[in-house]
Amino acid sequence: MLTIIHCADLHLDSRMETLLEPGRAARRRQELLGNFLRMIDFARQNGVSLILIAGDLFDTDSVSPASAATLARAMEDNPDILFAYLQGNHDRGSFLSAIKEQPDNLLLFDENWLTWRISGQVRLWGAELSAYAGRPADLEGSRAFWEELKPDPTCINLVMLHGTAVGGREALLSDEEIPLGLLRDRGIDYLALGHIHQHQSGSLDKRGSWCYAGCLEGRGFDECGPHGFELIRIDEKSRTLTHSFVPFAKRRFYEFSVDLTDCMSSLDAMDLIRERADQEGCRREDILHIILEGDLALESELSPALLSSRLEEAFYALRLEDRTGIRVDYDSYEGDLSFRGTFIRLVREDPSLPEDMKAEIIRCGIRALSGTTSGESRQ
Ligand SMILES: [Mn+2]
C-alpha cells in the first residue's frame, strides 16, 4: 500500500494584513507554516511516502529566508518521505532560490513534461504551466504540448499540474488552462491539481479522477469552509487507487448574516447569533464575518458595539458588519400629541432633512428625550 498526500496553494508568507492587525497577521503567517509542518507530522505518523505540492507553496516570489530554511529542514528531517513540488503562478523562482541546497528527497519539475518513478508501478508526471504565462501561444501549439504527455497505461499514473481546468479539448497554455477533454482515456489515474482554493474533485474518465486539493488553510472570507489535503491510497497488487479529503486547517473562516428584525436588545441578538454560529459549526479558534441585517424597531436597545465586544471574546477574530436599519411606524404616532409624537412628525415632514437619515435622527432624538445614554452605542 502506497499512501500519498496531495496538497496545494499553501501561499506561505502571505501578508494577511487586510484582515488582521500586523501583530496577529505575523502570528497567522507562522500558523500557515506551522500547519504545513503539522501535515508532515501527520504524513510520518501515517506512513505517507510521497507529498505532492501542486503549486503556490509561497504567496509571492519574495520568501522569508526563515520560512524557506524551515521547509527545507523539515524535508531533510524526513528522508523517508518524497516531496514533489511543482511551481505555480505565485511562487515561481521563490522557494528554490531562497534555499542554499536542494534536499535530496525534493523532486522538482520544469516547463517540459517530466516523469518520476515513485515505485515499481507508480509514475508521477508533471509540468509547470506557469512557465508559459504571457508567452505567445495558439491552440495548436497548446495542443502539441498536451500530446507530449504519454503515460504508460500499464502503470499507475499520477499527473500533477497547476492551472485552471476547462472541460473541453481547447485550452491556451499561456492562460495556464488544463483541457480535461484532452486528458481523457490517456491512462491517467489521478490528476493532482492546484490553483483553485476550494476542494473539488470529479471523474476524468472510466479510469481516473481529477482533484483540486484546495488550500491547506483559508486566508480570508473568500476561502470559507473546510480546508485540508487529499489523501491517496494505492494498492499496487490490486491496482486500485482511492482518495479522500482530510480537513486539516487549524482555523476556519465563516461568513453569514443574521436577521435581527425582531430583536429588542443586545442579549436577544446574542442568542440568535450564537445559535447560528453553533449551527454553522464555528469553533473558538475560528474567524468570523457576521453581517447584521434587518430593520430594528425604534424602541430596540440593541447595541452592535456591545455585541462586538461580547463576540470578540468568543472567537479568534471577528468582523461585525452592521447593515441594520431602523423602522419607524409613523402611523402609530399619528395622534400622539406628546412632545415625542410632535418631534417625530416634525422630522418626517422636514424637507431639509435627507430621507435616508430621518429614521436615525428620530431614533437619536427619542433616546435623548427618554434620557438614555445608550444613544451613543451605535457609533
Ligand atoms: Mn495559483
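Residues numbered from 1 in each chain as written. Predicted model: local features only at pLDDT ≥ 70, side-chain atom pairs only at ≥ 80, totals over all residues. Heavy atoms only, no water.

Chemist: Give a detailed account of the overall build of the protein, specifying residues and quantitative values.
Modeler: Along its length, the protein carries nine helices and 19 strands. Computed over the C-alpha atoms, the radius of gyration of the protein is 28 Å, more than 25% above the 21 Å expected from 2.2 N^0.38 for a compact globule of 379 residues. Dimensions of the protein along its principal axes, counting C-alpha atoms only, are 90 × 45 × 40 Å. When each of the 379 residues of the protein is scored for burial, the buried share is 51%. Put simply, of all contacts in the protein between residues at least 6 apart along the chain, 67% involve residues at least 24 apart. Mean positive and mean negative side-chain charge positions of the protein (42 and 64 charges, respectively) differ by 5 Å. (Helix = DSSP H or I, 4+ residues; strand = E, 2+ residues; numbered from the N terminus. Rg over C-alpha atoms; globule rule 2.2 N^0.38 Å. Buried < 20%, exposed > 50% of the residue type's maximum accessible area, 1.4 Å probe, protein only. Contact = heavy atoms within 4.5 Å. Lys, Arg positive; Asp, Glu negative; His and termini not counted. Charge placed at Lys NZ, Arg CZ, Asp CG, Glu CD.)

Chemist: Quick one: what's the story with the sheet that holds strand 18 (residues 317-322), residue by residue and with numbers?
Modeler: What holds strands together in a sheet is hydrogen bonding between their backbones, with the strands either parallel or antiparallel. Judged by pairing direction, the sheet is parallel, and its three strands sit side by side in the order 15-16-18 without closing on themselves. If you trace the sheet from one side to the other, it starts and ends with strand 15 (253-259) and strand 18, each paired once. Taken pair by pair, the neighbouring strands of this sheet meet at an average axis angle of 15°, ignoring direction. Alignment of strand 16 (residues 287-293) against strand 18, held across six bridges, turns out to be parallel. Among the inter-strand pairings, Leu288 is bridged to a residue of strand 18, identified as Leu318. On the sheet, helix 6 (residues 266-280) packs against strand 15 and strand 16 and is oriented at approximately 140° with respect to strand 15. (Pairing = 2+ DSSP bridges. Axes fitted to C-alpha atoms, helices over the stretch in contact; angles between N-to-C directions.)

Chemist: Talk me through the coordination of the manganese ion; I want residue IDs and the actual numbers.
Modeler: Coordination sphere of the manganese ion, protein contribution only: Asp56 (OD), Asn89 (OD1), His162 (NE2) and His195 (ND1), at 2.1 to 2.3 Å. Look at His195 and you get partly exposed, because its relative accessible area is 27%. (Donors = N, O, S within 2.8 Å, 3.2 Å for Na, K, Ca; no water.)

Chemist: An account of helix 4 (residues 139-147) is requested, with residue identities and associated values reported.
Modeler: Within the sequence span of helix 4, burial applies to Ser142, Phe145 and Trp146. All buried residues of helix 4 fall inside an arc of 95° around its axis, so they share one side. Where the residues of helix 4 are buried, they touch strand 7 (156-162), strand 9 (177-179) and helix 5 (180-183). (Arc of directions from axis to C-beta.)

Chemist: Can you lay out the pattern of salt bridges for me, pointing to particular residues and giving the numbers?
Modeler: If the charged atoms of two oppositely charged side chains come close together, the side chains can form a pair. Under the counting rule described, the total for this entry stands at 18 salt bridges. Through salt bridges with shared partners, a single network forms among Arg28, Glu31, Glu217 and Arg251. (Salt bridge = Lys/Arg side-chain N within 4 Å of Asp/Glu carboxyl O.)

Chemist: How would you explain the pairing of strand 6 (residues 122-126) if you had to name every residue and give the values?
Modeler: With five of five residues buried, strand 6 lies mostly within the body of the structure. As paired strands, strand 5 (residues 114-117) and strand 6 are joined by four bridges and run antiparallel to one another. Its bridge partner lying in strand 6, Trp116 is registered against Leu124. Counted along the chain from strand 5 to the antiparallel partner strand 6, the turn is four residues long. Bridging between strand 6 and strand 7 involves five bridges; their strand directions are parallel. Of the residues in strand 7, the one forming a bridge with Val122 is Ile156. In terms of handedness, the path from strand 6 via helix 4 over to strand 7 forms a crossover that is right-handed. (Right-handed = clockwise from strand over helix to strand, strands pointing away.)

Chemist: Go over the side chain of Glu176, please, and point to the residues and values.
Modeler: As for its placement among the helices and strands, Glu176 is situated in the loop between strand 8 (164-166) and strand 9. For the buried residue Glu176, which engages in no salt bridge, the nearest side chain bearing the opposite charge is Arg92, 7.8 Å off. Among all residues touching Glu176, those that are not within four sequence positions of it are Asn89, Leu129, Ser130, Ala133, Gly163 and Thr164.

Chemist: Can you break down the packing of aromatic side chains residue by residue, with the values?
Modeler: Each pair of aromatic rings is reported with the distance of its centres and the angle of its planes. For the coordinates displayed, the defined rule picks out eleven aromatic pairs. The interplanar angle of 25° and the centroid separation of 5.9 Å between the aromatic rings of Phe58 and Phe95 together place this pair among those described as stacked. A residue pair is termed long-range when its members are at least 10 positions apart, and Phe58 in the loop between strand 2 (48-53) and helix 2 (65-76) and Phe95 in helix 3 (residues 95-98) qualify at 37 residues. Phe95 carries the same exposure label as Phe58, and that label is buried. The rings of Trp113, Tyr132, Phe145 and Trp146 are connected pair by pair, giving a single aromatic cluster. One Lys or Arg, Arg24, reaches over the ring of Tyr316 and ends 4.3 Å from the middle of that ring. (Phe/Tyr/Trp six-rings, centres within 6.5 Å; stacked < 30°, edge-to-face > 60°. Lys NZ or Arg CZ within 6 Å of the ring centre and 35° of its normal.)

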